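# Descriptive analysis of the structure
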Number of protein chains: 2
Amino acid sequence: MLQEIHQQPEAVRRTLEENAGRVRDLCAEVARRDVRLVTIAGRGTSDNAAVLGRYLFEIITGIPVSLSAGSVLTMYGAWPRVDSALAIGISQSGQAQEVVEAIQRSREMGALTLGITNDPDSELARAAEHVFLLHAGPERSVAATKTYTCTLAALYSLVAGLPAVHPLGEGLVEKLTAMPDQMGDMLEMAPEIARGMERYRYMDECVVVARGLNLATAFETALKMSETGYIVARGYSAADLMHGPIASVEPGSACFLVAPPGAVLPGLRETARALGERQAEQVTLSSDPELLALATTPLRVPFAVEEVVSPLVYIVAGQLIAHSLALLRHHDPDHPRGLQKVTRTR
Amino acid sequence: MLQEIHQQPEAVRRTLEENAGRVRDLCAEVARRDVRLVTIAGRGTSDNAAVLGRYLFEIITGIPVSLSAGSVLTMYGAWPRVDSALAIGISQSGQAQEVVEAIQRSREMGALTLGITNDPDSELARAAEHVFLLHAGPERSVAATKTYTCTLAALYSLVAGLPAVHPLGEGLVEKLTAMPDQMGDMLEMAPEIARGMERYRYMDECVVVARGLNLATAFETALKMSETGYIVARGYSAADLMHGPIASVEPGSACFLVAPPGAVLPGLRETARALGERQAEQVTLSSDPELLALATTPLRVPFAVEEVVSPLVYIVAGQLIAHSLALLRHHDPDHPRGLQKVTRTR
């Protein structure tokens, strides 16, 4: 897992470069057809990538997004009318049955289909009209890391190729090109993160809080913690946290805040103050001095990241946090109990 | 809270009856315009109702659904092109700013708009072109119960008035009419639920698992547990649980299963066996003998419920579970710490 975490800058660079032609083709097709809806299907880590995809499409391209509910198809045999949609299916193995079926059904209905996968010979790659390959190289760790960031890179490339209706989309291609280096910078925080996590050796549950674009980062960090550290971790939007679950935050409750620079920062400062009033432990990943001052364990990111691409960089720290916690708790992050690399659900 | 839980059969009956005309008007309008997308905005309990709405619309009417992400609008000032959509906003108080703004923006774009609220004089009622009132009567408990089931009733009425493309929609109006009585039957399980919960007096965290239509029931049960019992409770789709979080299930971990009859039952039996292998505690709300036999604490529902409307009935038991746990833990369910009736987030 640690090796694969470190391979990410290179893998993301390859994914950005190698898909350039395929991205151009698909974007031309999206322009030709009048695409009015994007649907995205994925499970687990791929679903977290889909959550970021939803914000990118809705904010930057103005196209509404529906995150697919697998059981609509697999349990009820139904599927909504997506004939004028771009239907995206994400599966690193390309074997997730629900995702393959969603793409097949959408394609039969006349939707434009895109498969995002790490395996060019997979069922998903055969099912979809367009395919973006992740170029992550073989991922051996059960906990997906580099296929997650490569999936994000693929989604960013697509959005960057479509007409932008929001300032967040300005200069996106250039910002993306700078990302592998910044992911490398984040990797250098590994020793500090390992030191910071020691205090949480016996933490059995926690919440991971973010808002907007980095909600995906919070979800994915929480998923890695539960997969490799067996921690009961839950990702929350700061707004959702305030609508009820905040009641279960007690003195000493562990709350991880993922807070890169951007539009959501003022709101997260409010959340941090509310958590402070409840005497929660705050582990804060940020470059914002005000948030770091409120933290029990500040993890100061010593460089600025462009808001729009921050999910690609900040998740690297999230992965390192989960990895450190697994080691501290004497779990083998490479062989999580009861999980296989390919999960078969319908 | 307990009083309001018991008022639900009457409140749901009123909601079904009093909105009949408004439902007809809106359904005629949906038919006239070519509605290709439904968007639903809500937070907390209202968001859980939206989750059920998504399954109902996609399965029964075949119209794809996008569950709105509030921050797209409030944090980034963006909003997707929803001009040919039916935009639904849910807020019992009608004061949730994000929801009001989502409806205002959607209406400006030319979407057909529907507000679902318990307050006819609220901002949401003024902002939306069409309004369904909940007729729940004043809800004084901070933890919403009757406004949740009345919101479900309003969503069911709407779906029942639209052309059905799936057998699950057959006879929906008649099935709905029978619901208040079945909710009353579920209320009679209160003493058994109170007894069954005693064992969980010191349970600090748990997961609540369901699939498909009752995912909303799992989310809402978990939310009530965290709001009133301060339990770290998380709702999961059985499929999502298997994609990672199952790793954090240990011997003795508490897992609540919400499993009414229907298409998802075979899958839930698989989940129950997987939890059994991990020696989890299973609290099972079901009428299925096989699932109940696998349970540590079987909560046997002694009557059959039609699958499509089961979320209206099974959530009553979920509310009673949360209420019992709060009392057992000496928390006052009517005054959860740190929560107000109207949560202000942007």
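Because the structure is a prediction, the values reported are computed rather than measured.

### Points about the overall build of chain A
- Of the regular secondary structure elements, chain A holds 16 helices and ten strands.
- Relative to the 2.2 N^0.38 estimate, which gives 20 Å for 346 residues, the radius of gyration of chain A is 19 Å and therefore close to what a compact globule would have.
- Overall, the C-alpha framework of chain A stretches about 55 × 45 × 40 Å when taken along its three principal axes.
- Expressed as a percentage of the 346 residues in chain A, the buried residues total 67%.
- A fraction of 76% describes how many contacts in chain A between residues 6 or more apart in sequence connect residues 24 or more apart.
- Here chain A displays about 11,500 Å² of accessible surface, and carbon together with sulfur accounts for 49% of that area.
- Taking the average location of the 31 positive side-chain charges in chain A and that of its 40 negative ones, the two points are 3 Å from each other.

### Points about the domain arrangement of chain A
Residue and element names in this part refer to chain A.
- Each domain of chain A was delimited in the assignment, giving domain 1 (2-173) and domain 2 (188-328).
- Its C-alpha centre places domain 1 at a distance of 26 Å from the equivalent point of domain 2.
- Looking only at domain 1, the three residues that lose the most surface to domain 2 are Asn 48, Tyr 156 and Leu 168, adding up to 25% of its buried area.
- On the surface where domain 1 and domain 2 come into contact, there are zero salt bridges.
- When contributions to the side of domain 1 that touches domain 2 are tallied by element, the ones reaching two or more residues are helix 1 (2-6), helix 2 (8-18), helix 4 (45-61) and helix 8 (146-160).
- Class assignment for the residues of the side of domain 1 that touches domain 2 results in 16 nonpolar, six polar and no charged.

### Comments concerning the packing of aromatic side chains
- In total, this model carries two aromatic pairs over all chains according to the counting rule given.
- Over the ring of Tyr202(A) we find Arg201(A), and its NZ or CZ is 4.2 Å from the ring centre.

### Examining the relation of the copies chain A and chain B
- Between chain A and chain B, the superposition needs a rotation of 180° and an axial shift of 0.0 Å, giving an RMSD of 0.0 Å. With respect to symmetry, the two chain copies, as superposed, fit the operation of a two-fold axis. In terms of proximity to the rotation axis, the leading residue of chain A is Ser66(A), whose C-alpha is 2.2 Å off the axis.
- Same-surface contact between copies: 100% of interface residues of chain A are shared with the interface of chain B.

### Some remarks on the packing of helix 4 of chain A against helix 12 (residues 215-229) of chain A
Residue and element names in this part refer to chain A.
- Interhelical geometry of helix 4 versus helix 12 gives an angle of 170° and a closest axis separation of 8 Å. With respect to their mutual orientation, helix 4 and helix 12 come out roughly antiparallel. Of helix 12, the residues touching helix 4 (which contributes Thr 45, Asn 48, Val 51, Leu 52 and Tyr 55) are Leu 215, Ala 216, Phe 219, Glu 220, Leu 223 and Lys 224.
- Looking at side-chain class alone, the contact of helix 4 with helix 12 contains seven nonpolar, two polar and two charged residues.

### Concerning the interface of chain A and chain B
- Contacts between the two partners involve 68 residues from chain A, matched on the other side by 68 residues from chain B.
- Both faces combined, the contact of chain A with chain B buries some 5,600 Å², and carbon together with sulfur accounts for 52% of it.
- Three residues, Tyr76(A), Arg81(A) and His243(A), lead the burial of chain A against chain B; their summed loss comes to 14% of the area buried on that side.
- Taken together, the connections running from chain A to chain B amount to six salt bridges.
- Arg211(A) is the salt-bridge partner of Glu98(B), the closest N and O atoms lying 3.0 Å from each other.

### Quick word on the sheet that holds strand 9 (residues 281-286) of chain A
All names here are of chain A.
- With parallel pairing, the five strands of this open sheet are ordered in space as 7-6-8-9-10. The open sheet has two edge strands with one neighbour each: strand 7 (232-237) and strand 10 (297-300). Across the sheet, the mean angle separating the axes of adjacent strands is 15° when strand polarity is ignored.
- By the bridge criterion, four bridges tie strand 9 to strand 10 in an arrangement that is parallel. Its bridge partner lying in strand 10, Thr 284 is registered against Pro 298.
- Of the strands in this sheet, strand 8 (254-259), strand 9 and strand 10 touch helix 11 (residues 190-197), which is tilted by about 175° from strand 10.
- Together, strand 6 (205-210), strand 8 and strand 9 form the strand contacts of helix 14 (residues 265-277), whose direction differs from that of strand 8 by roughly 165°.

### Quick look at the pairing of strand 1 (residues 37-41) of chain A
Residue and element names in this part refer to chain A.
- The buried fraction of strand 1 is high, at five of five residues.
- In strand 1, alternate side chains face the same way, and those of Leu 37, Thr 39 and Ala 41 on one face and Val 38 and Ile 40 on the other are all buried.
- Pairing of strand 1 with strand 3 (residues 85-90) involves five bridges; the strand directions are parallel. From the neighbouring strand, Leu 37 faces strand 3, where its bridge partner is Ala 85.

### Some details on the pairing of strand 9 (residues 281-286) of chain B
Residues and elements named next belong to chain B.
- When you tally the buried positions in strand 9, you get six out of six residues, the bulk of the element.
- The pairing of strand 8 (residues 254-259) with strand 9 spans six bridges and is parallel. Residue pairing for strand 9: Val 258 is matched across the bridge by Leu 285.
- A crossover connection joins strand 8 to the parallel strand 9 through helix 14 (residues 265-277); in handedness this β-α-β unit is right-handed.
- Once you follow strand 9 into helix 15 (residues 289-294) and on to strand 10 (residues 297-300), the crossover reads as right-handed.

### Considering the pattern of salt bridges
Residue and element names in this part refer to chain A.
- Applying the stated criterion across every chain, the model contains 38 salt bridges over all chains.
- Here Arg 269 and Glu 290 are joined by a salt bridge, their closest N and O atoms 3.5 Å apart. Taken as a pair, Arg 269 in helix 14 and Glu 290 in helix 15 (residues 289-294) lie far apart in primary sequence, 21 residues in all.
- Beyond isolated ion pairs, a larger network of salt bridges with shared partners links Glu 29, Arg 32, Arg 33 and Glu 129.

### Quick word on the sheet that holds strand 4 (residues 112-117) of chain A
All names here are of chain A.
- An order of 2-1-3-4-5 is seen for the five strands of this open sheet, with the pairing classed as parallel. Each edge of the open sheet is held by one strand with a lone partner, namely strand 2 (65-67) and strand 5 (130-133). Direction aside, the axes of adjacent strands within the sheet are offset by 20° on average.
- In this sheet, strand 2 lies alongside strand 1 in parallel orientation, the contact comprising three bridges. For Thr 39, the partnering residue across the bridge sits in strand 2 and is Ser 66.

### Considering the side chain of Ser324(A)
Residues and elements named next belong to chain A.
- On the secondary structure map, Ser 324 appears in helix 16 (residues 310-328).
- Overall, the relative accessible area of 10% leaves Ser 324 in the buried class.
- With sequence-adjacent residues up to four places away left out, Ser 324 is seen in contact with Ile 193, Ala 194 and Met 197.

### Structural notes on unusual backbone geometry
- Although it is not a glycine, His135(A) adopts a positive phi angle of roughly 50°.
- Along the chain, His135(A) turns up in the loop between strand 5 and helix 8.

### Side note on the confidence of the model for chain A
- Taken over all residues, the pLDDT of chain A has a mean of 95, while the share at 70 or more is 100%.
- Scored as a whole, the predicted complex attains pTM 0.96, and scored at its interfaces, ipTM 0.94.

### Re helix 3 (residues 20-32) of chain B
Residue and element names in this part refer to chain B.
- Spanning 13 residues, helix 3 covers 19 Å between terminal C-alpha atoms, matching the ideal 18 Å at 1.5 Å per step.
- All of the buried residues in helix 3 are Val 23, Leu 26, Cys 27, Glu 29 and Val 30. All buried residues of helix 3 fall inside an arc of 160° around its axis, so they share one side. Those residues of helix 3 that are exposed and aimed more than 90 degrees away from the buried face are Arg 24, Asp 25, Ala 31 and Arg 32.
- Buried residues belonging to helix 3 abut strand 3 (85-90), strand 4 (112-117), strand 5 (130-133) and helix 8 (146-160).

Basis of the calculations
- Residues numbered from 1 in each chain as written.
- Chains lettered and ligands numbered in written order.
- Predicted model: local features only at pLDDT ≥ 70, side-chain atom pairs only at ≥ 80, totals over all residues.
- Heavy atoms only, no water.
- Helix = DSSP H or I, 4+ residues; strand = E, 2+ residues; numbered from the N terminus.
- Rg over C-alpha atoms; globule rule 2.2 N^0.38 Å.
- Buried < 20%, exposed > 50% of the residue type's maximum accessible area, 1.4 Å probe, protein only.
- Contact = heavy atoms within 4.5 Å.
- Areas by Shrake-Rupley, 256 points an atom, 1.4 Å probe, with all protein chains shown as cover.
- Lys, Arg positive; Asp, Glu negative; His and termini not counted.
- Charge placed at Lys NZ, Arg CZ, Asp CG, Glu CD.
- Domains from an automatic or database assignment.
- Buried area = accessible area lost by both parts, 1.4 Å probe.
- Salt bridge = Lys/Arg side-chain N within 4 Å of Asp/Glu carboxyl O.
- Nonpolar A, V, L, I, M, F, W, Y, C, P; charged D, E, K, R; others polar.
- Phe/Tyr/Trp six-rings, centres within 6.5 Å; stacked < 30°, edge-to-face > 60°.
- Lys NZ or Arg CZ within 6 Å of the ring centre and 35° of its normal.
- Least-squares fit on C-alpha atoms with pLDDT ≥ 70 in both.
- Axes fitted to C-alpha atoms, helices over the stretch in contact; angles between N-to-C directions.
- Parallel < 35°, antiparallel > 145°, perpendicular 65-115°, else oblique.
- Pairing = 2+ DSSP bridges.
- Right-handed = clockwise from strand over helix to strand, strands pointing away.
- pLDDT = per-residue confidence, 0-100.
- Expected span 1.5 Å × (residues − 1).
- Arc of directions from axis to C-beta.

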